Amino acid sequence: MPGKLRYAGIALVAVVSAWFFWATYQYTNGGLSMPLDDTFIYFTFARNIAEGHVMQWSPGGGFSSATTSPIYPFVLAIGYALGFKGEMLILWAFLLGVGCAIAAFFLVADLVRRAAGDQAGEWTPLFGGAMFALSGFLIWGYLSGMEIPLFSLAMLATLLNAHDRLSPDAAVRAKARVPLAVWGGLLSVMRPEGFILVALLVAFLSARSLLAGDRRAARGDLAWAALLAPGAIWMGITLALTGHFAGASAIQKSYFFEPSMTPYLFLDLTTKNIAKNATGLYSGYFFYDGSPLLLTPFFLVGLLPRMVREARE
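If you're wondering where the values come from, they're calculated on a predicted model, not measured in any experiment.

(A) Structural context of the pattern of salt bridges. Tallied over the entire structure, the rule returns six salt bridges. The salt bridge partner of D110 is R114, with a shortest N-O separation of 3.3 Å. Here D110 pairs with R114, and both are found in helix α4 (residues 88–116), just four residues apart, close to one helical turn. D110 gets classed as buried once you look at its relative accessible area, which sits at 18%. Residue R191 is joined to E193 by a salt bridge in which the shortest nitrogen-to-oxygen separation is 2.8 Å. Several salt bridges converge on common partners, so that one network encompasses D110, R113, R114 and D164.

Below you can see the structure in the form of structure tokens.
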């Protein structure tokens, strides 16, 4: 992306972030805050970690698995150790979200450029990044002080490097090896869903080689299962200290741990959630049922040429 467009991207994220911060500041009558109580749960863990009470909700209370992300409290603890104490930890979390949003802007732009290929013009990546930056519920997630920025960033970076691992260019594949290992390993432990996503990625890579008839390559791709090691280690620690491999938040929220869950009910709830999110992506009012799909025409116009080409081939 040309330099002037890079600066435009950074400026766009900065303006949106400043707008979010100003709105919050006005809403609280001049106080620093975050829109979720869960954020302050992370802050408590971060403070305790910085003070030497690692993964403890209350000092001396023993190990707690109550954080959905085992990585994020340590990132917040770095800010606490640097002097972002008290309500200033809110500012640290906000700045972290802004930094991740800027990085995500360029990752999205790069993915758009790669997807468009030779058809990509100078402005095409910027347009893709802008759609991310101007998505209200995405930016709200990035700036709400939760682990969403790091988790989303790990997903995007893993996807980008996995794309490069499929390149016909051996040099591109080799260059992506280490970044994929780093980001994929981080993704597997960042949140429970990350472990599942990495497992699906490993299965996809291996299946792709098998379908091509290359058993040797399939075995090599299966070695990427090592990306699951960080997540597996964390689950092992949780199991050893609590008697259950899943964290407390996963047990409370996941369908897998609902005693009255049946296969039919699981399928029903899951498909409804997928439908809600799929329609919400193209809606101007994400949290309201029956809202118009304002961006659906853009989606269909962008998809149509690819569908025609696929049908022709």
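Don't stop here, the text continues.
(B) Up close: the nonpolar core. Judged by nonpolar contacts, the single largest core of 54 residues is most densely connected at Y72, L76, F132, Y142, L143 and L156. Here this core gets 14 residues from one element, more than from any other, and that element is α4. Once residues within four sequence positions are removed from consideration, Y72 is found in contact with Y42, A93, L96, G145, M146, E147 and L150.

(C) Examining the packing of α4 against helix α5 (residues 124–133) more closely. At a minimum axis distance of 7 Å, the contact between α4 and α5 shows a crossing angle of 135°. On the basis of the axis angle, α4 is oblique to α5. Remark: the crossing between α4 and α5 carries right-handed chirality. Counted together, A101, A104, F105, V108, A109, V112, R113 and A116 of α4 and T124, P125, L126, G128, G129, A130, F132 and A133 of α5 form the full contact between these two elements. Classifying every residue of the contact of α4 with α5 by side-chain character gives 12 nonpolar, three polar and one charged.

(D) Highlighting helix α3 (residues 72–81). Counting buried residues in α3 gives seven out of 10 residues, a clear majority hidden from the surface. Lining the buried residues of α3 we find α2 (37–50), α4 and α7 (148–165). The positive-phi residue at the C-terminal boundary of α3 is G83, with phi of around 115°.

(E) Spotlight on the confidence of the model for the protein chain. Looking at the protein chain as a whole, its pLDDT mean stands at 87, while 94% of the residues score no less than 70. Per-element confidence in the protein chain ranges from a low mean pLDDT of 78 for helix α10 (residues 215–222) to a high of 96 for α3.

(F) Spatial organisation of a nonpolar patch on the surface. Judged by side-chain polarity, M155, I196, L197 and L200 come together as a nonpolar surface patch covering roughly 340 Å² of accessible area. For the nonpolar patch, the element with the most residues is helix α9 (residues 192–211), which contributes three residues. Summarising the element assignment, I196 is placed in helix α9.

(G) How the structure looks around the packing of helix α1 (residues 3–27) against α5. Where α1 contacts α5, the two axes come as close as 10 Å, and the packing angle between them is 5°. Relative to α5, the element α1 is oriented roughly parallel. Two secondary-structure elements touch here, α1 through L5, G9, L12, V13 and V16 and α5 through L126, A130 and A133. Grouping the amino acids of the contact of α1 with α5 by side-chain chemistry returns seven nonpolar, one polar and no charged.

About the thresholds
- Residues numbered from 1 in each chain as written.
- Predicted model: local features only at pLDDT ≥ 70, side-chain atom pairs only at ≥ 80, totals over all residues.
- Heavy atoms only, no water.
- Salt bridge = Lys/Arg side-chain N within 4 Å of Asp/Glu carboxyl O.
- Helix = DSSP H or I, 4+ residues; strand = E, 2+ residues; numbered from the N terminus.
- Buried < 20%, exposed > 50% of the residue type's maximum accessible area, 1.4 Å probe, protein only.
- Core = buried A, V, L, I, M, F, W, Y, C linked by side-chain atoms within 4.5 Å.
- Contact = heavy atoms within 4.5 Å.
- Axes fitted to C-alpha atoms, helices over the stretch in contact; angles between N-to-C directions.
- Parallel < 35°, antiparallel > 145°, perpendicular 65-115°, else oblique.
- Left-handed = near helix turned anticlockwise from the far one by under 90°.
- Nonpolar A, V, L, I, M, F, W, Y, C, P; charged D, E, K, R; others polar.
- pLDDT = per-residue confidence, 0-100.
- Patch = residues over 30% accessible without salt bridge, like charges linked within 9 Å, V, L, I, M, F, W, Y side chains within 5 Å.
- Areas by Shrake-Rupley, 256 points an atom, 1.4 Å probe, with all protein chains shown as cover.

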